[in-house]
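Below, each chain spelled out in residue letters.
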Amino acid sequence: MPLRDTLARVDADLAAGRVPVARQRLRGLVSSFPDDLALRRRLAEVYRLYGEPAEAGRWMYLEQDRDPAETSAFEARYRTGPRRMRALAWRGPESLAGTAFAAGQLAAVRTACSAAVGRRVDWDTVPSGDGTGGEGGTIGGFLAGAGCLAAVLAFLAIWVNGLLALFR
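Here the structure is a predicted model, which means the values were calculated and not measured. (Residues numbered from 1 in each chain as written. Predicted model: local features only at pLDDT ≥ 70, side-chain atom pairs only at ≥ 80, totals over all residues. Heavy atoms only, no water.)

J.: Please explain the pattern of salt bridges as it appears in this structure.
T.: Pairing between side chains becomes possible if they bear opposite charge and their charged atoms approach one another. If you walk through the whole model with that rule in mind, you get 10 salt bridges. A salt bridge links D11 to R42, with the shortest nitrogen-to-oxygen separation between them at 2.6 Å. Taken together, the positions of D11 in helix 1 (residues 3-15) and R42 in helix 3 (residues 37-50) put the pair 31 residues apart, joining distant regions of the chain. Its relative accessible area of 22% is what places R42 among the partly exposed residues. Across the pair E70 and R48 runs a salt bridge, and its minimum N-O distance is 2.7 Å. Note that E70 is positioned in helix 5 (residues 68-77) and R48 in helix 3, a separation of 22 residues in sequence. (Salt bridge = Lys/Arg side-chain N within 4 Å of Asp/Glu carboxyl O. Helix = DSSP H or I, 4+ residues; strand = E, 2+ residues; numbered from the N terminus. Buried < 20%, exposed > 50% of the residue type's maximum accessible area, 1.4 Å probe, protein only.)

J.: When you look at the nonpolar core in this model, what are you seeing that I'm missing?
T.: Burial of nonpolar side chains together is a common tendency in soluble globular proteins. Counting residues in hydrophobic clusters, the biggest one holds 16 residues, and the most contacted among them are L62, L88, W90, L106 and W123. Secondary structure elements with two or more residues in this core: helix 6 (81-88) and helix 7 (100-117). Tallying contributions element by element places helix 7 first for this core, with four residues. Counting 14 residues, the second-largest nonpolar core is a separate cluster that includes V10, L29, Y47 and W59. (Core = buried A, V, L, I, M, F, W, Y, C linked by side-chain atoms within 4.5 Å.)

J.: Help me out: how do you make sense of the side chain of Q105 in this one?
T.: Of note, Q105 is situated in helix 7. Those residues in contact with Q105, other than ones at most four positions away along the chain, are Y61, L62 and R66. (Contact = heavy atoms within 4.5 Å.)

J.: So what exactly am I meant to see when it comes to the packing of aromatic side chains here?
T.: Here the distance between the centres and the angle between the planes together describe a pair of aromatic rings. According to the stated counting rule, one finds three aromatic pairs in the structure shown. Both rings, one in Y47 and one in Y50, keep their centres 6.1 Å apart while their planes meet at 40°; by these two values the pair is tilted. Remark: Y50 and Y47 occur in helix 3; sequence separation between them is three residues, near one turn of the helix. What makes Y50 partly exposed here is its relative accessible area of 36%. Seen from their ring centres, Y61 and F74 are 4.8 Å apart, and the 55° between their planes marks the pair as tilted. Separated by 13 residues along the polypeptide, Y61 in the loop between helix 4 (53-60) and helix 5 and F74 in helix 5 bring together distant segments of the chain. An identical accessibility class is assigned to Y61 and F74; each is buried. Of the aromatic side chains, those joined through ring pairs into one cluster are Y61, F74 and Y78. A cation over an aromatic ring shows up here: R66 above the ring of Y61, its NZ or CZ 4.9 Å from the ring centre. (Phe/Tyr/Trp six-rings, centres within 6.5 Å; stacked < 30°, edge-to-face > 60°. Lys NZ or Arg CZ within 6 Å of the ring centre and 35° of its normal.)

Below, the structure is given as structure tokens:
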């Protein structure tokens, strides 16, 4: 579907109060046209309707007139360079940004990501990891592993107990 038709549907969805549908349409458009700053701005406006400052800040991050509180919320949610780089969902060179401010923001995020992972990265090869270099997991990861181990041990104990009961 052409961009203009999809934007008309977004407008119709918003007028009808179908904000989640409009958000999904805009997310799809930003995915298809990552260098269109106007689409990112529209998506930020929809996230403001949700009361999601971090997501509004995410999609306004490349705009000079962004809200500092939204930018701070975005940066707090996506603390590392690799996470910010993935969150911005940019593709291609920074020169496609359209404004010097946006190009500077993209370059700063890419530079922070490169420093975090220890090698040069670009927008077409965003690292999938956090950039922490695998130096230990999080407490949540440890607890999840411990919980799985406890579940397996409990299952084996019940199974052995049942097997022994068969032969008594």
